[in-house]
Amino acid sequence: MIRKHNFRTLTELFEYSTSTFPRREVSSFVEGGQQYTYAQFRDKCENLSRLLSTFGIGAYDKVAILSENMPNWAIAFFATTAYGRISVPMLQELSSNEITNILNHSESKAIFVSKKQLHKLDESVMEHLNLVIDIETFKFIKVKDTSYTCDGRVTMPTPLDTAAIIYTSGTTGNAKGVMLCHRNFCANVLEAWKAYKVRKKDVFMSILPIAHTYEMSIGMLYPFSTGAKVYYLQKMPTPSVLIKSLKMVRPTVMLSVPLIIEKIYKSSVLPTIESSKFLQYLQKNIPWLLHFLVGIKLKKTFGGRIGFFGIGGAKLDPVVEDFLKKVRFPYAIGYGLTETAPLICNASPFKTHVGSTGIAAYGVQIRLHDVNPVTGLGELVVKGNNVMLGYYKDYNRTKEVLSKDGWFHTGDLASMDSKGRYYIKGRMGTVIIGASGENIYPEEIESVINNIESVNESLVVQRAGNLVALVVFNENVIDWNLEGEDKFITDLEEKKKVILEKVNASVNKFSKINSVEIQKEPFIKTATHKIKRFLYEKKQIEKA
């Protein structure tokens, strides 16, 4: 098992799993298709690697992947990385312009692309690529004749060789190419094993983009290392698609972001309790029984076998987390960044503590830098085999976050309790300085706003020295077809007043908001559903 195999490279991991579990199934779509055993998976990777070599794509060359989640995604990844090449995964939400910039900056020689994403490839970019391969069939879409050289030699990568370059803008803009080496990914597989032991009979259901390190490391590489199977959706994970798929797959492991479980709680669990006199009676008089019954129902919704429901990518609403804890739902918390591939902290099921991101993951060193003696807050800095090599072709930005002795500065403000659990307060870049020099953490105010009835999400920004709350309501709360009419304006002003009063009654005097603005459209988000703050902060500057 993996505890006897501390993999040093993805090549070692690939060799181990495909030889140890040849007859077991690696993955497939929920409703069938692209179904492979580990032996078949290996054959596909070997054939594709030979194909790449034939067209002059060898060790250290970059190969991009632009596709929706599917079993073939993992084949494209291993056909690249297990043979010494460098993978350049791209999120399907990227624009044509962003894709062009990434392909040019990374100097990718080939790309695996899905039919849905093909239209985003600019003609000028296509001209520079040796190969464009349909990821769904592995057939050629475009071949550069002069690239047929048969001299693409592969190599056995070392632990410190780059395995992937992942471009991220995070929530603050300015895309960076994060260079993750083989050791980074293998460290995350070991961290995951130490946190929660997955066995070969475990079943994963993937709903997050594999191009993000969270799903890539923990949702693809980790199950692959243990002989487990992963199911992929062919449609967007809407509530109806998700519920149907959960019943079919009955997963034992799932990875999610807070938004998904928060929506289930607010749109399904709470209304069910509020509409039932019996459940309301239990809530008031026998809460433990209510929690027991709701816990059974919630686990059944997820197929009845769920043993690990990982939540990461953003902070979980403490009200929702407290509820999950009371109903004994097997949720786990993870914290990390693309630059750490991604795990830094984790809390396994039933070892969580409301509001905490957990303890340092296995083999990861953490300390708080420049701690405020009054608040106990400091920047969370990390050292370990999970820390990136640096930003591709960007020494200056690498130097800003990575010290000479290997400590990575996360930019997150955190505190630690007596039991070694960490609590993330917010990003250093999002802290608002008040009129008297006090630190205001917008994430804390947003948490209060998001728990107001009918509110879907919010963002707090500073404008002309005042705090302004931008708010998006749940669907059907506001009829925008009536926009501009007297009743519409009156109702909107009343809703703003309710939010203003409820928030200011719940926060300290420095964090009181001065006004509320209702957003018609949902906020633009990253792959892990974090709001891209920089877009809205810029808007405020332009308006000021």
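Going along each chain's sequence as written, the residues are numbered from 1 onward. Side-chain atom pairs in this predicted model are given and counted only at pLDDT of 80 or more, local residue features only at pLDDT of at least 70, and totals for whole chains, interfaces and linings cover all residues. Hydrogens are left out, water is left out, and the side-chain values use all remaining heavy atoms of the structure.

Peer 1: When you look at the packing of aromatic side chains in this model, what are you seeing that I'm missing?
Peer 2: The relative placement of two aromatic rings is captured by the distance of their centres and the angle of their planes. Aromatic rings from Phe, Tyr and Trp, with only the six-membered ring used for Trp, were paired whenever their centres fell within 6.5 Å, and each pair was classed as stacked if the ring planes differed by under 30 degrees, edge-to-face if by over 60, and tilted otherwise. Counted by the stated rule, this structure contains 22 aromatic pairs. Aromatic pair Tyr16 and Phe21: ring centres 6.1 Å apart, planes at 90°, arrangement edge-to-face. For the pair Tyr16 and Phe21, one class covers both residues: buried. Aromatic pair Tyr265 and Phe323: ring centres 4.9 Å apart, planes at 50°, arrangement tilted. Residue Tyr265 is located in helix H9 (residues 258-274), and its partner Phe323 is located in helix H12 (residues 318-326); the two are separated by 58 residues in the primary sequence. We classify Phe323 as buried; its relative accessible area is 9%. Between buried and exposed lies partly exposed: a residue is buried under 20% and exposed over 50% of the maximum accessible area for its type, with that area taken using a 1.4 Å probe on protein chains only. The way it works is that DSSP assigns letters per residue, a run of H or I at least four long becomes a helix, a run of E at least two long becomes a strand, and they are numbered from the N terminus.

Peer 1: It is not clear to me how the sheet that holds strand E16 (residues 359-360) should be interpreted in this structure. Could you clarify?
Peer 2: Strand pairing in a sheet relies on backbone hydrogen bonds. The paired strands run either parallel or antiparallel. Strands qualify as paired when DSSP identifies two bridges or more between them. Read from one edge to the other, the open sheet built from 9 strands follows the order E2-E1-E11-E10-E12-E13-E14-E15-E16, with strand pairing classed as mixed. The open sheet is flanked by strand E2 (36-37) and E16, the only strands paired with a single partner. In this sheet, strand E11 (residues 229-232) lies alongside strand E10 (residues 203-206) in parallel orientation, the contact comprising 4 bridges. The residue of E11 that forms the bridge with Met205 is Tyr231. Working rule for contacts: check all heavy atoms of both residues, and any pair within 4.5 Å makes them a contact. Axis lines are fitted through C-alpha atoms, for helices just across the contact stretch, and the angle between N-to-C directions can take any value from 0 to 180 degrees. On the sheet, helix H8 (residues 239-249) packs against E10, E11 and strand E12 (253-256) and is oriented at approximately 165° with respect to E10.

Peer 1: Explain the pattern of salt bridges to me, please; I cannot follow it from the model alone.
Peer 2: Opposite charge on two side chains permits pairing when their charged atoms draw close. Criterion for a salt bridge: a side-chain nitrogen of Lys or Arg within 4 Å of a carboxyl oxygen of Asp or Glu. Using the criterion set out here, one finds 20 salt bridges in the structure. A salt bridge links Glu46 to Arg42; the nearest nitrogen and oxygen atoms lie 3.1 Å apart. Of this pair, Glu46 and Arg42 are both found in helix H2 (residues 38-54), 4 residues apart, which corresponds to roughly one turn of the helix. Using a relative accessible area of 24% as the deciding quantity, one classes Glu46 as partly exposed. Between Lys326 and Asp322 there is a salt bridge whose closest N-O contact spans 3.1 Å. Highlighted residues: Lys326 and Asp322, both in helix H12, separated by 4 residues, approximately one helical turn. You can call Asp322 partly exposed: its relative accessible area is 31%. Linked by salt bridges that have partners in common, Glu15, Arg42 and Glu46 make up one network.

Peer 1: Teacher, can you tell me more about the packing of H2 against helix H3 (residues 71-81) here?
Peer 2: To describe two helices that pack against each other, one gives the angle between their axes and the distance between the axes. Where H2 contacts H3, the two axes come as close as 8 Å, and the packing angle between them is 55°. Of the possible angle classes, the one that applies to H2 and H3 is oblique. Here H2 runs over H3; the crossing is right-handed. Of H3, the residues touching H2 (which contributes Phe41, Lys44, Cys45, Leu48, Ser49 and Leu52) are Ala74, Ile75, Phe78 and Ala79. Roughly parallel means an angle under 35 degrees; roughly antiparallel, over 145; roughly perpendicular, 65 to 115; everything else is oblique. Two helices that cross are described as forming a left-handed crossing if the nearer one is turned anticlockwise from the farther one by less than a right angle, and a right-handed crossing if clockwise.

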